[in-house]
Amino acid sequence: MVRITFPDGSVREYENGITGLQIAEQISPKLAKEVYSATVNGEVRDLTRPITADSTIKLHKWDDEEGKHAFWHSSAHLLAGALELLYPGIKFGIGPAVESGFYYDVDPGEGKVITDTDLPAIESKMKELAAGNLVYSRKEVSKKEALEIFTKKGDEYKTELISELEDGTISLYSQGDFTDLCKGPHLPSTEPLKAIKLLSVAGAYWRGNENRKMLTRIYGITFPKQKLLDEYLVFLEEARKRDHRKLGRELELFTFSPKVGMGLPLWMPKGAELRQNLISFMTKVLKKRGYKIVATPHIGNVNLYKTSGHYEKYGKDSFQPISTPQEGEQFMLKPMNCPHHCEIFNATPHSYKDLPLRMAEFGTVYRYEQSGELHGLTRVRSFTQDDAHHFCRPDQLKDEFKSIIDLVQFIFKAVSFEEFTAQISLRDPDNKDKYIGTDENWEKAERAIIEAAQEKNLQTTVVPGEAAFYGPKLDFMVKDALGRKWQLGTIQVDYNLPERFDLSYNGSDNQKHRPVMLHRAIFGSMERFVAVLIENSAGKFPLWLAPEKAVILPISEKFNDYAGKVLEILNNSDICTLIDERSEKIGKKIRDNELKRIPYLLIIGEKEVENGTISVRKQGEGDKGSMKIEEFVSFINDEIKKEIAV
RNA sequence: GCCGAUGUAGCUCAGUUGGCCAGAGCAGCUGAUUUGUAAUCUGCAGGUCGGGGGUUCGAAUCCCUUCAUCGGCUCCA
């Protein structure tokens, strides 16, 4: 007998060799149908593997990550099985479960291609196979055997993987006639794979290495119920509707021109207004929090970047230096603002009493992204960071961190990203040589971040090994209205630049000391942030951000005079308002302006002229009744004040 | 950069196996209408079919090349 301990602490005895699936069946047949994998003594395993010792067990259903993982991983094998039938001689790379769904990387063979038009046929084959309720069976083999099997098959990618594995740990999984090298775990059978959808095909380098062969990656997703798949497809559709590239064009926020250059965003008037609203707001907040605004040029002497180290590290892959008529003189488009800021710091002597010094700039930087990496506003070659650098004493590090966390929380709240997570990236404890700076400083900095996060009640995950070579960092990820995660703000400790630029301040001992530098951005970049805002709000911006706050819709041209007066009052009250004087019917005007996502529609007809009022209609909500003009002005101002209580 | 797909009017899309002056809706401009809470009617204009080269009697359609866009490019068997 074996003693099995359940997550709730209860203990039951079972026959030696019982499986997770059998345990589930004994609890209830319904449960047995809903479980996909089990964690036994901390190890995620197949449900069908016998348990031969006293163990703790947790059964995983769809709602658990582990359950989904097994579900999708098994789906990837099903995809591979279907591909092997349809494309004899196809070779397999890897086929893991991912955050939503799974993929398989395959090599269809010389001269053969798989395109998205082939997906429906592959999908049907998968459905056909799944309907056969194929059992996933596990077999452990020696390294030698595994190599033989896959060498015989001609699967060079698999043999490469196997050759890197330890002998004695190799397992194979089969369903139907298809066998794959796999660690598992898998579902007991294909029975739960009810809803199957192949989503896209893409190229992917073998092992992510651009010097190696490009394989064909097929993405798919599966669900235990058709309804869940339908919901997922609706979600994808909704995401497509919110695509900032589509909305950016429709709402006339920004554009790109091949004549200007790819990846170089052009802000149109409305987009620029939105961007400016963000910048004004942020500037006001920064000034209140002791930041000094600076401004620096878009280029810098190449020697500046040799000093900073950026030239050596990124020089080859960036925009190339600009030569001048002066022999040997070269400038670079600035890829970051920090070197310029360091020189501002160096321009004046500093006492320990002056620190921390917080230097902020909406600095436009230029980075040469590979053409295939460009994507709307989120991946561009020119962008404006809401950049700032804190120059502080080592003993101020933690307080500075806290002040920035506080600022991030404040700003995210103002732009209604209520839900966000944070990640602390520390250095790899086994590989300390990669990093610059003393052990003592690193420990101090890492401790400062962790404590600051704790003291600000910030929910964080800590990831060792993810730090930059020059210091640990804290990144913020917001969750948008569709539950998607976006990385925005970041705070990074830097011991490198103060050294390279020989920054110093006079301490109370009248000796020179090295300040610590913090890089930080909250929006990240204006481009990226606006993209996230658009996708989060579907273009329905909060009032304070909306480039146009209201539009006046006269019922007929007879009321244009009065409309003009209202327009003047509102615009003089700093409420950016337009007027729709077309000789269209009111229904049409309402529709068109609703589609433009203008927050308030002000309807004016005979009644309004007589009473000196306007009829207010809120976008998406409908008629709000009539108001005096001054009433509306204070109504709008109140709403904006409520939105951004600085 | 690489793999695959796509590129027709400002936007969304038609355009059969290569064959009459390349079409539609929306947007734009005309004119009429003067309208009360999500689409009034009329007319007009708008395109070197991404650019270049080729095959052909003939190319939006086939081939080559180039540019741009889209999906991706280790969440390790």
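In this text the structure is predicted, and so the values were computed from the model without any measurement.

Basis of the calculations
- Residues numbered from 1 in each chain as written.
- Chains lettered and ligands numbered in written order.
- Predicted model: local features only at pLDDT ≥ 70, side-chain atom pairs only at ≥ 80, totals over all residues.
- Heavy atoms only, no water.
- Axes fitted to C-alpha atoms, helices over the stretch in contact; angles between N-to-C directions.
- Helix = DSSP H or I, 4+ residues; strand = E, 2+ residues; numbered from the N terminus.
- Parallel < 35°, antiparallel > 145°, perpendicular 65-115°, else oblique.
- Left-handed = near helix turned anticlockwise from the far one by under 90°.
- Contact = heavy atoms within 4.5 Å.
- Nonpolar A, V, L, I, M, F, W, Y, C, P; charged D, E, K, R; others polar.
- Core = buried A, V, L, I, M, F, W, Y, C linked by side-chain atoms within 4.5 Å.
- Buried < 20%, exposed > 50% of the residue type's maximum accessible area, 1.4 Å probe, protein only.
- Domains from an automatic or database assignment.
- Pairing = 2+ DSSP bridges.
- Near = heavy atom within 4 Å.
- Polar contact = N/O pair within 3.5 Å; in protein donor to acceptor, adjacent residues only side chain to side chain.
- Expected span 1.5 Å × (residues − 1).
- Arc of directions from axis to C-beta.

## Observations concerning the packing of helix α5 (residues 143-153) against helix α6 (residues 156-163)
- Where α5 meets α6, the closest approach of the two axes is 8 Å, and the angle between their N-to-C directions is 165°. When the axis of α5 is compared with that of α6, the two are roughly antiparallel. Like other packed secondary-structure pairs, α5 and α6 cross with a definite hand, here left-handed. Together, K143, A146, L147, F150 and T151 of α5 and K158, T159, I162 and S163 of α6 make up the contact between the two elements.
- Considering only residue class, the contact of α5 with α6 consists of 4 nonpolar, 3 polar and 2 charged.

## Things to note about the nonpolar core
- Within the largest apolar cluster, 81 residues are counted, with the highest numbers of intra-cluster contacts made by L278, L474, F476 and F632.
- If one sorts the elements of this core by residue count, helix α13 (residues 397-414) sits on top with 9 residues.
- Here this core spans two domains, and each of domain 3 (254-298 + 334-537) and domain 4 (550-643) adds at least three residues to it.
- When near neighbours in sequence (up to four residues on either side) are disregarded, F632 contacts A550, L570, Y600, L602, I614, V616 and M627.
- If you look at the next biggest cluster of nonpolar residues, it comprises 37 residues, including L79, M126, Y136 and I218.

## Notes on the packing of helix α9 (residues 269-288) against helix α16 (residues 526-537)
- Taken N-terminus to C-terminus, the directions of α9 and α16 make an angle of 110°; their axes are 11 Å apart at the nearest point. As judged from the angle between their axes, α9 and α16 are roughly perpendicular. Taken together, the residues of α16 that come into contact with α9 (itself represented by L274, R275, L278 and I279) are M526, E527, F529, V530 and L533.
- Class assignment of the residues belonging to the contact of α9 with α16 gives a composition of 7 nonpolar, no polar and 2 charged.

## Observations concerning the domain arrangement of chain A
- Taken domain by domain, chain A consists of domain 1 (2-61), domain 2 (66-239), domain 3 (254-298 + 334-537) and domain 4 (550-643).
- The gap between the C-alpha centroids of domain 2 and domain 3 is 40 Å.

## A look at the pairing of strand β7 (residues 55-61)
- Sheet topology places strand β1 (residues 2-5) next to β7; 2 bridges connect them, and they run parallel. Along β7, the bridge assignment pairs I4 with S55.
- As defined by bridge partners, strand β4 (residues 35-40) adjoins β7 across 5 bridges and the pair is classed as antiparallel. Looking at the pairing, S37 lines up with H60 of β7.

## Considerations on the protein's contact with RNA strand B
- L181, Y205, S371, R591 and S615 are the nearest of the 50 residues found near RNA strand B.
- For RNA strand B, a phosphate oxygen lies 2.3 Å from a polar atom in the side chain of S371.
- A distance of 3.4 Å separates a sugar or linking oxygen of RNA strand B from a polar atom in the backbone of G587.
- Of all the secondary structure elements, the ones that give two or more residues to the surface near RNA strand B are β14 (195-205), β15 (214-223), α8 (244-250), α18 (586-595), α19 (606-611) and β34 (613-618).
- When the residues that make up the surface near RNA strand B are grouped by side-chain class, the tally is 16 nonpolar, 14 polar and 20 charged.

## A look at the environment of Q330
- Locating Q330 in the fold gives a position in strand β21 (residues 330-333).
- Between the alpha carbons of Q330 and N301 there is a distance of 6.0 Å; along the sequence they are 29 residues apart.

## Some words on the sheet that holds strand β11 (residues 136-141)
- Read across the sheet, 3 strands follow the order β11-β12-β13 without closing on themselves; strand pairing throughout is antiparallel. Where the open sheet ends on each side, the last strands, each with one partner, are β11 and β13 (178-181). Averaged over all pairs of adjacent strands, the angle between their axes in this sheet comes to 25°, without regard to strand direction.
- Bridge analysis of strand β12 (residues 170-175) against β13 gives 4 bridges, and the strand direction is antiparallel. If you follow L172 over to β13, its bridge partner there is L181.

## Considerations on the sheet that holds strand β33 (residues 600-604)
- Taken in spatial order, the 5 strands make up an open sheet running β32-β31-β33-β34-β35, and their pairing is mixed. Since the sheet does not close on itself, it has two edges, and those belong to β32 (577-579) and β35 (622-628), each with one partner. With strand direction ignored, the average angle separating the axes of adjacent strands in the sheet is 30°.
- Packing against the sheet, helix α20 (residues 629-643) makes contact with β31 (550-554), β33, β34 and β35, and its axis sits at approximately 120° to β35.

## Some details on helix α4 (residues 119-131)
- For α4, which comprises 13 residues, the first-to-last C-alpha distance of 18 Å matches the rise-based estimate of 18 Å (1.5 Å per residue) to within 8%.
- By the burial criterion, the buried members of α4 are L119, I122, E123, K125, M126, L129 and A130. Buried residues of α4 fall within an arc of 160° about the axis and therefore sit on the same side. Of the exposed residues in α4, the ones pointing more than 90 degrees away from its buried face are E128 and A131.
- Residues of α4 that are buried in the fold lie against α3 (65-86), β10 (101-107), β14 and β15.
- Among the residues trailing α4, N133 stands out with phi positive, at a value near 45°.

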